[in-house]
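Listed below are the residues making up each chain.
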Amino acid sequence: MAALRVSCGAAASYRLFLGGRVSSARGQGLWKAAAAKLQRSPGCQILRLRHTTVVTTRKNVAALRRETYTVDFIKKQIEEFNIGKRHLANMMGEDPETFTQEDIDRAIAYLFPSGLFEKRARPIMKHPEEIFPKQRAIQWGEDGRPFHFLFYTGRQSYYSLMHEAYGKLLDVENRQDQLRAKGLFSEKTKARDPIGSRWLIKEELEEMLVEKLSDQDYAQFIRLLERLSALPCDAAEEEFVGRFRRSVTIQSKKQLIEPLQYDEKGMAFSTGQGNRKTAKAKVAVYDHGSGRIEVNGVDYLLYFPVTQDREQLMFPFHFLDRLGEHDVTCTVSGGGRAAQAGAIRLATARALCSFVTEDEVEWMRQAGLLTADPRVRERKKPGQEGARRKFTWKKR
Amino acid sequence: MTFELDPGRFLHIGTQAPQCLAAHLDNQVATESPRAISRTSENDPAKHGEQHEGQHYNISFQDLKTVFSHGLPPRFVMQVKTFNEACLMVRRPALELLHYLKNTNFAHPAVRYVFYGEKGTGKTLSLCHSIHFCAKQDWLILHIPDAHLWVKNCRDLLQSTYNKQRFDQPLEASTWLKNFKTANEHFLSQIKVQEKYVWNKRESTEKGSPLGEVVEQGIMRVRNATDAVGIVLKELKRQSSSGIFRLLVAVDGVNALWGRTTLKREDKSPIAPEELAFIYNLRKMVKNDWQGGAIVLTVSQTGSLFKPRKAYLPQELLGKEGFDALDPFIPILVSNYNPKEFESCIHYYLENNWLQHEKAHTEEGKKELLFLSNRNPGQLERLCAYL
């Protein structure tokens, strides 16, 4: 009996593949043992369950209530996941001890190749923490008395967090007062680097606390944290604040800047490529030119009779104030007239990066000159006349 | 470079210094006010020289009404109406042609000059410049504003009265005769017809009567207009060699004469250009078997039929037949503005308060316009036009 566990998507339902479908000879013994163990464990709901559709005529209230996962259930899922991970490692011939999540993903993609476009619809195998939404354990004991002292506020985690943060703030201020009293107070304020990290967003905080928050609550919390971080803090407080910050990758570092190349005459030039819809363009920008642009061997005035296209070509140069200084030779194919113009614009912007300082590259990126336009033609769907347009609705 | 002045043509030099002091004049021009960059006060095309290159000169309203009643491109006419003045830029191709015209030997057969170039570079206006020069020199101007108009979009085609195989175009012919009359009023009484022409049972023109009568006949009897045009062309060609007058044949879009037409007979079969009486006569006119004048032509793709957009060379636009018919000719390339001319054009627009954008005065604005139009006069005009 195979005990390979695969979960699909973030849905709450789960499936078990029964039957000897997995045809790997290795580890059969292990599997049998594991399956037998599963079979023998009492209260095991897994074996018999098949995914059945409940056909009701009335609204199924029970089904609509959010499925609650008990703590035991989650624990069992985690165990099964770990066992399944080891089986998978065995199947792939890797070492089960050092089998990471990326390896799991790769193995699943190999074993279950899927042609679906939506990445979230493909088979995945992840730790149950990531699949099942976090739910709160029962908050009160057998006598009905809640565990947390702030339970009756309704939002115990949020208020306890605020309480903790404010406590820390008071501690810091007390410490400061004491130092000032002793005269050892030094005005050092080390500024935490604001760039490179950001506060948690509201959704992330909600996920962390497993509670619904309102905008005002969130704003209040962030203000408190800012106040705390403005004061000179200890390592403990730093670590507390650090829990609520996420790092932000600096976008501009991703842009590769090609070095300048020199052709046989000694002229500096730089190449770039660009795409837009189906058009592809390759561009060579030469230095010390006179603003001449040649597209597929033809002057750009003849190739793009429409002014809008020429304005697109002008944009990178105009932005960098280098209108008459470069010569451009480019080849472009595919697409239509505006797509070709957009492709050449992207390619020239990328080529110009080599001629220009890092700041100006960052400005270009913020202006949107270096981003490839992801819009493509949407497919026509059956039952509709076009991508969005429906057939004329006739009443009868 | 000095121009050889034809004796008896230029009676007075004018207010400006003589042309041999061209270099000195350049300095003078530079130190004068900025107005002098784009304009010149020399309004006689005969005196235009290299020092005027890039500058605009004024055409008087009188000349506009007579000489250019039908010759100017429509966008230029709109610009004239807006600015309330007609200013034409002096450019190198036109200057070259004027130089040739000034030095023509009228005993030799008429020389053909062909302006060619990309779309919007200024061929038609260079042609108009040379027509203005000839008009001032008192030549007889035979100007066909756009030969393409004759080979397309003709509503009424009549079978020719003169020759059964050919077709007449009464409306276009009568309009052209009217314009021709306004342009060359004073010549029409001087030139005498050398043959008798019978129009129909009741009307005929006697030998020795002035050409004006033929023109009147054509205007009044629209049915015979095309034949009247044919007669005018024949007589002018015959008599220009005699030396009474100089004849300038100016045709814009001459590649229409040898291309294809979009006109069809009643049975939907296409008509070749030579089956149109007007085209047939015009072809005879453009042949260089007569003396006493010059033939100035333009080839243009803009109105042409069945020619690719990128074609601009005479060989491509005229086709084999046309090229052989026109061979030999002197080709003159009309290209985009050079930087000086571009500056001058921008100045002209700024002076007339035509460019209202605040950046138009600055260097960046000029660079933008330069880039967007690539120094093409037509494109620049369209860019600067109203929305």
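Thresholds applied
Residues numbered from 1 in each chain as written. Chains lettered and ligands numbered in written order. Predicted model: local features only at pLDDT ≥ 70, side-chain atom pairs only at ≥ 80, totals over all residues. Heavy atoms only, no water. Axes fitted to C-alpha atoms, helices over the stretch in contact; angles between N-to-C directions. Helix = DSSP H or I, 4+ residues; strand = E, 2+ residues; numbered from the N terminus. Left-handed = near helix turned anticlockwise from the far one by under 90°. Contact = heavy atoms within 4.5 Å. Nonpolar A, V, L, I, M, F, W, Y, C, P; charged D, E, K, R; others polar. Domains from an automatic or database assignment. Buried < 20%, exposed > 50% of the residue type's maximum accessible area, 1.4 Å probe, protein only. Salt bridge = Lys/Arg side-chain N within 4 Å of Asp/Glu carboxyl O. Disulfide = S-S within 2.5 Å. Pairing = 2+ DSSP bridges. Core = buried A, V, L, I, M, F, W, Y, C linked by side-chain atoms within 4.5 Å. Parallel < 35°, antiparallel > 145°, perpendicular 65-115°, else oblique.

### Structural notes on the packing of helix 13 (residues 339-351) of chain B against helix 14 (residues 363-373) of chain B
Residues and elements named next belong to chain B.
(1) Moving on: Packing of helix 13 against helix 14 brings their axes to within 12 Å, and their N-to-C directions diverge by 115°. Here helix 13 and helix 14 pass one another in a crossing that is right-handed. Residues Phe 342, Glu 343 and Ile 346 of helix 13 lie in contact with helix 14, whose contacting residues are Lys 366, Leu 369, Leu 370 and Ser 373.
(2) Moving on: Residues of the contact of helix 13 with helix 14, tallied by class, amount to four nonpolar, one polar and two charged.

### Overview of the domain arrangement of chain A
(1) Moving on: According to the domain assignment, chain A consists of domain 1 (71-131), domain 2 (156-185 + 194-247) and domain 3 (261-367).
(2) Moving on: Distance between the C-alpha centres of domain 1 of chain A and domain 3 of chain A: 47 Å.

### A look at the side chain of Gln 239 of chain B
Residues and elements named next belong to chain B.
(1) Moving on: Take Gln 239: it is sitting in helix 10 (residues 225-240).
(2) Moving on: Looking at Gln 239, the relative accessible area reads 4%, which means it is buried.
(3) Moving on: In this structure, Gln 239 is in contact with Ile 191, Lys 192, Val 193, Gln 194 and Phe 245, ignoring residues within four places of it in sequence.

### Brief notes about the pattern of salt bridges
(1) Moving on: Under the defined criterion, the tally for this structure stands at 38 salt bridges over all chains.
(2) Moving on: In this structure, the salt-bridge partner of Arg 155 of chain A is Asp 217 of chain A, at a minimum N-O distance of 2.3 Å. Here Arg 155 of chain A, found in the loop between helix 5 (128-131) and helix 6 (156-182), pairs with Asp 217 of chain A, found in helix 8 (residues 215-230); they are 62 residues apart in sequence, far enough to count as distant.
(3) Moving on: The exposure class of Asp 217 of chain A is buried, given its relative accessible area of 11%.
(4) Moving on: Here Asp 44 of chain B and Lys 47 of chain B are joined by a salt bridge, their closest N and O atoms 2.9 Å apart.
(5) Moving on: Three or more residues joined by partner-sharing salt bridges are found here, namely Arg 175, Asp 234 and Glu 237 of chain A.

### Quick look at the state of the cysteines
All names here are of chain B.
(1) Moving on: All chains considered together, the criterion is met by zero disulfides over all chains.
(2) Moving on: Distance from the sulfur of Cys 134, which forms no disulfide, to the nearest cysteine sulfur (Cys 128) is 12 Å.
(3) Moving on: Residue Cys 134 is classed as buried on the basis of its relative accessible area, which comes to 0%.

### Topic: the sheet that holds strand 4 (residues 140-144) of chain B
Residue and element names in this part refer to chain B.
(1) Moving on: Taken in spatial order, the five strands make up an open sheet running 4-9-10-3-11, and their pairing is parallel. Strand pairing shows two members of the sheet lacking a second neighbour, strand 4 and strand 11 (330-333), which therefore form its edges. Taken pair by pair, the neighbouring strands of this sheet meet at an average axis angle of 15°, ignoring direction.
(2) Moving on: Pairing between strand 9 (residues 247-252) and strand 10 (residues 293-298): six bridges, direction parallel. By the bridge assignment for strand 10, Leu 248 is matched with Ala 294.

### Some details on the nonpolar core
The nonpolar side chains of soluble globular proteins are, as a tendency, buried together.
(1) Moving on: Judged by nonpolar contacts, the single largest core of 59 residues is most densely connected at Leu 142, Leu 236, Leu 247, Val 254 and Leu 326 of chain B.
(2) Moving on: Core analysis: the second largest hydrophobic core is formed by 35 residues, Phe 317, Leu 320, Ala 347 and Leu 369 of chain A among them.

### Description of the packing of helix 6 of chain A against helix 8 of chain A
All names here are of chain A.
(1) Moving on: Running from N to C, helix 6 and helix 8 cross one another at 20°; their axes reach a closest spacing of 10 Å. By the angle between their axes, helix 6 is roughly parallel relative to helix 8. Here the hand of the crossing between helix 6 and helix 8 comes out left-handed. On the side of helix 6, the interface is formed by Tyr 158, Leu 161, Met 162, Ala 165, Tyr 166, Lys 168, Leu 169, Val 172 and Glu 173, while helix 8 contributes Asp 217, Gln 220, Phe 221, Leu 224, Arg 227 and Leu 228.
(2) Moving on: Considered class by class, the residues forming the contact of helix 6 with helix 8 number 10 nonpolar, one polar and four charged.

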